[in-house]
Amino acid sequence: MAIVSLVDISKTYKMGQSEVHALQNVSLKIDKGEFLAVAGSSGSGKTTMLNMIGCLDYPDSGKVCVDGADVTLLKPNQLARLRNRKIGFIFQSFNLIPVLNVYENIELPLLLSTKTAKEREKLILKFIDAVGLGEHIHHKPDELSGGQRQRVAIARALTTEPDLVLADEPTANLDSKTGMTIIDLMLELNQHFGTTFIFSTHDSKVLEHASRVVNLEDGRIINQLEEVTG
Ligand SMILES: Nc1ncnc2c1ncn2[C@@H]1O[C@H](COP(=O)(O)OP(=O)(O)O)[C@@H](O)[C@H]1O
Ligand SMILES: [Mg+2]
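Basis of the calculations
- Residues numbered from 1 in each chain as written.
- Chains lettered and ligands numbered in written order.
- Predicted model: local features only at pLDDT ≥ 70, side-chain atom pairs only at ≥ 80, totals over all residues.
- Heavy atoms only, no water.
- Near = heavy atom within 4 Å.
- Polar contact = N/O pair within 3.5 Å; in protein donor to acceptor, adjacent residues only side chain to side chain.
- Areas by Shrake-Rupley, 256 points an atom, 1.4 Å probe, with all protein chains shown as cover.
- Helix = DSSP H or I, 4+ residues; strand = E, 2+ residues; numbered from the N terminus.
- Nonpolar A, V, L, I, M, F, W, Y, C, P; charged D, E, K, R; others polar.
- Pairing = 2+ DSSP bridges.
- Contact = heavy atoms within 4.5 Å.
- Axes fitted to C-alpha atoms, helices over the stretch in contact; angles between N-to-C directions.
- Patch = residues over 30% accessible without salt bridge, like charges linked within 9 Å, V, L, I, M, F, W, Y side chains within 5 Å.
- Salt bridge = Lys/Arg side-chain N within 4 Å of Asp/Glu carboxyl O.
- Buried < 20%, exposed > 50% of the residue type's maximum accessible area, 1.4 Å probe, protein only.
- Right-handed = clockwise from strand over helix to strand, strands pointing away.
- Expected span 1.5 Å × (residues − 1).
- Arc of directions from axis to C-beta.

Colleague: Would you explain the site of ligand 1 in this entry?
Modeller: Neighbouring ligand 1 are Tyr13, Met15, Val20, Ala22, Ser41, Ser42, Gly43, Ser44, Gly45, Lys46, Thr47 and Thr48. Between ligand 1 and the protein, one listed contact pairs an oxygen atom with a backbone N or O atom of glycine 43 at 2.7 Å. A distance of 3.1 Å separates an oxygen atom of ligand 1 from a polar backbone atom of glycine 45. Protein chains shield 65% of the accessible area of ligand 1, which is 560 Å² for the free molecule. No other element matches the three residues that helix α1 (residues 46-53) contributes to the shell around ligand 1. Counted by class, the shell around ligand 1 contains four nonpolar, seven polar and one charged residues.

Colleague: Can you walk me through the sheet that holds strand β6 (residues 87-90) in this structure?
Modeller: Across the sheet, six strands lie side by side as β6-β7-β8-β3-β9-β10; this open sheet has mixed pairing. In this open sheet, the two strands that pair with only one neighbour each are β6 and β10 (220-221). Judged from the two bridges that link them, strand β9 (residues 212-217) and β10 form a sheet pairing that is antiparallel. The residue bridging leucine 216 from the neighbouring strand is isoleucine 221, located in β10. Taken strand by strand, α1 contacts β3 (35-39), β6, β7 (164-168), β8 (196-201) and β9, and its axis lies near 155 degrees from that of β7. Where helix α2 (residues 76-86) meets the sheet, its contacts fall on β6 and β7, and the angle it forms with β6 comes to roughly 70 degrees.

Colleague: Could you clarify how one ought to interpret a nonpolar patch on the surface in this entry?
Modeller: A cluster of nonpolar side chains, Tyr13, Met15 and Val20, forms an exposed patch at the surface whose accessible area comes to about 290 Å². Position of valine 20 among the secondary structure elements: in strand β2 (residues 18-31). Take valine 20: its relative accessible area is 41%, and that puts it in the partly exposed class.

Colleague: I tried to follow the pattern of salt bridges on my own but got confused; where do I start?
Modeller: Pairing is possible between side chains that carry opposite charge, provided their charged atoms lie close to one another. Under the counting rule described, the total for this entry stands at 10 salt bridges. Among the ionic pairs, glutamate 34 bridges to arginine 212, the shortest N-O distance being 2.8 Å. You can see glutamate 34 sitting in the loop between β2 and β3 and its partner arginine 212 sitting in strand β9, a full 178 residues away along the chain. Here lysine 126 and glutamate 161 are joined by a salt bridge, their closest N and O atoms 2.9 Å apart. Of this pair, lysine 126 sits in helix α4 (residues 117-130) while glutamate 161 sits in the loop between α5 (146-158) and β7; the two residues are 35 residues apart in sequence, bridging distant segments of the chain. Since its relative accessible area comes to 35%, lysine 126 is described here as partly exposed.

Colleague: Just to check I follow, could you spell out the pairing of β7 for this structure?
Modeller: In terms of burial, β7 is largely enclosed, as five of its five residues are buried. In this sheet, β7 lies alongside β6 in parallel orientation, the contact comprising four bridges. By the bridge assignment, isoleucine 90 is partnered in β7 with alanine 167. Across five bridges, β7 lies against β8 in parallel orientation. In the sheet register, leucine 164 faces β8, and the bridge partner there is threonine 196. Tracing the backbone out of β7, into helix α6 (residues 176-193) and back to the parallel element β8 gives a crossover that is right-handed.

Colleague: Sorry, what's going on with α4 here?
Modeller: Think of an α-helix as turning once every 3.6 residues; residues three or four places apart then point the same way. Taking 1.5 Å per residue as the helical rise, α4 with its 14 residues ought to reach 20 Å, and the 20 Å between its terminal C-alpha atoms agrees with that figure. Turning to α4, its buried residues number three or more, namely Arg120, Leu123, Ile124, Phe127 and Ile128. On an axial view of α4, the arc spanned by its buried residues comes to 130 degrees, and they lie on one face. Across α4 from its buried face, at more than 90 degrees, point the exposed residues Lys118, Lys122 and Asp129. Summarising the contacts, the buried residues of α4 are in contact with α3 (102-107), α5 and α6. Glycine 132 occupies a position one or two residues after α4 and carries a positive phi of about 75 degrees.

Right, dumping it as structure tokens:
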């Protein structure tokens, strides 16, 4: 069953007199358990597409379904619940809270749930262990390397045990070797927990690790098979 389906979505940004067609008639089905890369150069529409899937923004036309629900029909509280329980987010710039340590950063999304402190602790320790940060539980973000910070962000995205994790250029602020270990870790977690991952990148080396690649160009999905047979 598809965890995400985009049906003919378009999004145009207006900047004064000019219009930018960030997404144009994009249709895509993503199955549970995929490790999907969204590739494309800067400005091709990757972030816009991930924001639609993450219910952070709406398309001008077309339909976005996440886990069977048409998100444009959900009420604000239903939408918030979907976002908090079903989707984890990983950002390019890690977005950790500087005054909180590793444990507390990972705990943040769980504070929105009804879980007790004991239940939260079990989940937090499970995912701190899964990303290999057991020795750094009490460290603040500025005491960690870039790769370690992104590991914290990955654990934070997984701690609510979401079905889907969205990562917008998770390796863009890392050197290429560290970036590769981060993608490998995401792949390992995808296989171990069965979590669906959708990540964007413009780094061709990172794409080799994806189970499927969707190529965006000027807001459209370009199908390379058509070019070959065309
Ligand atoms: N809030 C916005 N206002 C105006 N234009 C935007 C906005 N967000 C994105 N765009 C434009 O839409 C296009 C796609 O942007 P984006 O989805 O961020 O691409 P990518 O993530 O692939 O770099 C770009 O031309 C960008 O300048
Ligand atoms: Mg982007």
